[in-house]
Amino acid sequence: MNSRRIAVVGTGYVGLTAGACLASLGHDVVCVDIDSARVAQLGSGTVTLLEEGLPELVAEGLAAGRLRFTDDLHEPFAGDPVDVVFLCLPTPMGPDGAADLSAVTAVLGQLRDEFPPGCVVAIKSTVPVGTSDLARDLIGRDDVFLVSNPEFLREGSAVEDFLRPDRVVAGSHSREAAQRVLDLYAGLGAVTRITTPAGAELVKYASNCFLALKVSYVNVLAELSERFGADVRDVVAAMGDDHRIGGSFLAPGPGWGGSCFPKDTNALLSMARSAGVDFALLRASLDTNRQVRARIVDQVRAAAGGTLRDVRIGLFGLTFKAGTDDVRDSPALAVAELLHAEGAILTAYDPTFPVLDAGLAARLTVTDSPSIAVKGASVLVVLTEWPQFRELDWGRLAELVESPNIVDTRNLLDPEVVRAAGFSWTGNGRSR
């Protein structure tokens, strides 16, 4: 594999993972971020993101001299020509649900005259269909090539996903430019696909929104299982045996969230509206996701005896899933907000002890002790599937609660273990 000079703009989950992994593949990588404090941390080998294997890759890249960090956007273009520039910039959801491209367009405006002739600009950010063509027009140069190279990284396993991908997609009007990007991943053994820019841009939304549909679907199945006296575990296990369906994303819970699914579903709906397409199925998935959270609150209210006013509730888990410290659009926090709105007094425990925004922090006490979280509580609610919760001393916790009730939205705990400790246990989609 030929080593390439690569610039990565943005050092969030996607940018830092991409830079560290590309350096591990033998490329010369410089990562750029406007956050000087973050750049200083990364330059010293300090990684604050909770991503397995990422601190080690950053340390290896720095030690080998293949990875470096700067807060000067123009520095990567001051020396030898850069072969590929990856844009890994935030594209948050705007007020109308569409993706906000201001960070992408701002960087392109600043760098369009500095891209070396023959350079490939690869957009890894999740962007609406048409962004590659928009970027090409903004740059306004025939000697710079645009490629859409969407990322398919899961938080908590981003390094694994980058180095062992299911597929690598490159979309461009120039097949040679697309292949040049795919060549950067040589040796990973992944399926590679070259498509149009529109195809590459759409596949990221199509993938995430399909997974969101699966989660919404299984959460309705969980409710049906409860109504009919079935066990949702048996239902999804048999469904997953069908290779056409598969078992992934068929675990019920308090709804889906995180940094991608909410943003991407709304963005795809916005794109569909702009194209005159009524994507009713996807809109129903969003409605179902809201209904699932309300159903969880119903379960908690029932466990508390019919009212939540001034009732102490212990919450286990705040991050949107286990293995990450990310609370962006977390379904756990969405449920917490609904419980607070009914007057519940909330104390939460999460292994990562996440930092919440000031408004939410005023409505929710976060502790680093499960004992403090459950003390005096009438209901304990498991909201994130942290495996550590299974290993807690449930007998000791039963001595601290006001009333021994558990609502396990993730079906994480062993009912026999917690019942033996004295708790009443309510699962999700499980017959009682």
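An account of the accompanying structure is given in this report.

Conventions and cut-offs
- Residues numbered from 1 in each chain as written.
- Predicted model: local features only at pLDDT ≥ 70, side-chain atom pairs only at ≥ 80, totals over all residues.
- Heavy atoms only, no water.
- Pairing = 2+ DSSP bridges.
- Helix = DSSP H or I, 4+ residues; strand = E, 2+ residues; numbered from the N terminus.
- Axes fitted to C-alpha atoms, helices over the stretch in contact; angles between N-to-C directions.
- Buried < 20%, exposed > 50% of the residue type's maximum accessible area, 1.4 Å probe, protein only.
- Contact = heavy atoms within 4.5 Å.
- Phe/Tyr/Trp six-rings, centres within 6.5 Å; stacked < 30°, edge-to-face > 60°.
- Lys NZ or Arg CZ within 6 Å of the ring centre and 35° of its normal.
- Polar contact = N/O pair within 3.5 Å; in protein donor to acceptor, adjacent residues only side chain to side chain.
- Left-handed = near helix turned anticlockwise from the far one by under 90°.
- Nonpolar A, V, L, I, M, F, W, Y, C, P; charged D, E, K, R; others polar.

Further remarks concern the sheet that holds strand 13 (residues 405-408). Reading across from one edge, 11-10-9-12-13-14 is the order of the six strands in this open sheet, with parallel pairing throughout. The open sheet has two free edges, formed respectively by strand 11 (365-367) and strand 14 (424-426), since each of these has just one partner strand. Going from strand to strand, the sheet's axes swing by 20 degrees on average, the running direction of each strand aside. The pairing of strand 12 (residues 379-382) with strand 13 spans three bridges and is classified as parallel. When the sheet's bridge partners are listed, valine 381 is paired in strand 13 with valine 407.

Attention now moves to helix 12 (residues 331-341). Taken together, the buried positions of helix 12 are occupied by Pro331, Ala332, Leu333, Val335, Ala336 and Leu339. Those residues of helix 12 that are buried lie in contact with helix 11 (280-303), strand 9 (312-316), strand 10 (345-349) and helix 13 (358-361). At the C-terminal side of helix 12, glycine 343 shows a positive phi close to 95 degrees.

Across all of its chains, the model carries nine aromatic pairs by this definition. Considering the side-chain rings of phenylalanine 162 and tyrosine 185, the 5.5 Å spacing of their centres and the 35 degrees angle between planes classify their relative orientation as tilted. With phenylalanine 162 in helix 6 (residues 158-163) and tyrosine 185 in the loop between helix 7 (175-183) and strand 8 (191-195), this pair connects stretches of sequence that are 23 residues apart. On the basis of relative accessible area, phenylalanine 162 is assigned to the buried category, the value being 5%. On the numbers, 6.0 Å between centres and 75 degrees between planes, the contact of phenylalanine 316 with tyrosine 349 is edge-to-face. Separated by 33 residues along the polypeptide, phenylalanine 316 in strand 9 and tyrosine 349 in strand 10 bring together distant segments of the chain. The exposure class assigned to phenylalanine 316 is buried, which follows from its relative accessible area of 1%. Residue tyrosine 349 is classed as buried on the basis of its relative accessible area, which comes to 12%. Clustering of aromatic rings is evident, with ring pairs tying together Phe316, Tyr349, Phe389, Trp394 and Phe423. Between arginine 167 and the ring centre of phenylalanine 152, over which it is positioned, the NZ or CZ distance is 3.7 Å.

Time to look at the environment of aspartate 310. Take aspartate 310: it is sitting in the loop between helix 11 and strand 9. For aspartate 310, a relative accessible area of 56% corresponds to the exposed category. Linking aspartate 310 and leucine 346, residues 36 residues apart in sequence, is a C-alpha distance of 9.5 Å.

In this section: the side chain of threonine 324. Tracing the chain through its elements places threonine 324 in the loop between strand 9 and helix 12. Judged by relative accessible area, which is 0%, threonine 324 ranks as buried. Of note is the side chain of threonine 324, whose polar atom sits 3.4 Å from the side chain of tyrosine 13. With residues near it in sequence (within four places) discarded, threonine 324 still touches Tyr13, Leu50, Glu155, Thr319, Thr352 and Trp386.

Once that is clear, we can look at the environment of serine 225. Checked against the element boundaries, serine 225 lands in helix 8 (residues 197-228). The sequence separation of serine 225 and valine 235 amounts to ten residues, and the corresponding C-alpha distance is 8.4 Å. Non-local contacts of serine 225, meaning those with residues more than four positions away in its chain, are made with Ala230, Asp231, Val232, Val235 and Gly429.

A few words on the packing of helix 10 (residues 261-274) against helix 11. At a minimum axis separation of 10 Å, helix 10 and helix 11 run at an interaxial angle of 145 degrees. For the element pair helix 10 and helix 11, the recorded crossing hand is left-handed. Contacts between helix 10 and helix 11 pair Thr265, Asn266, Leu268 and Leu269 from the former with Leu282, Arg283 and Leu286 from the latter. The residue inventory of the contact of helix 10 with helix 11, partitioned by class, reads four nonpolar, two polar and one charged.

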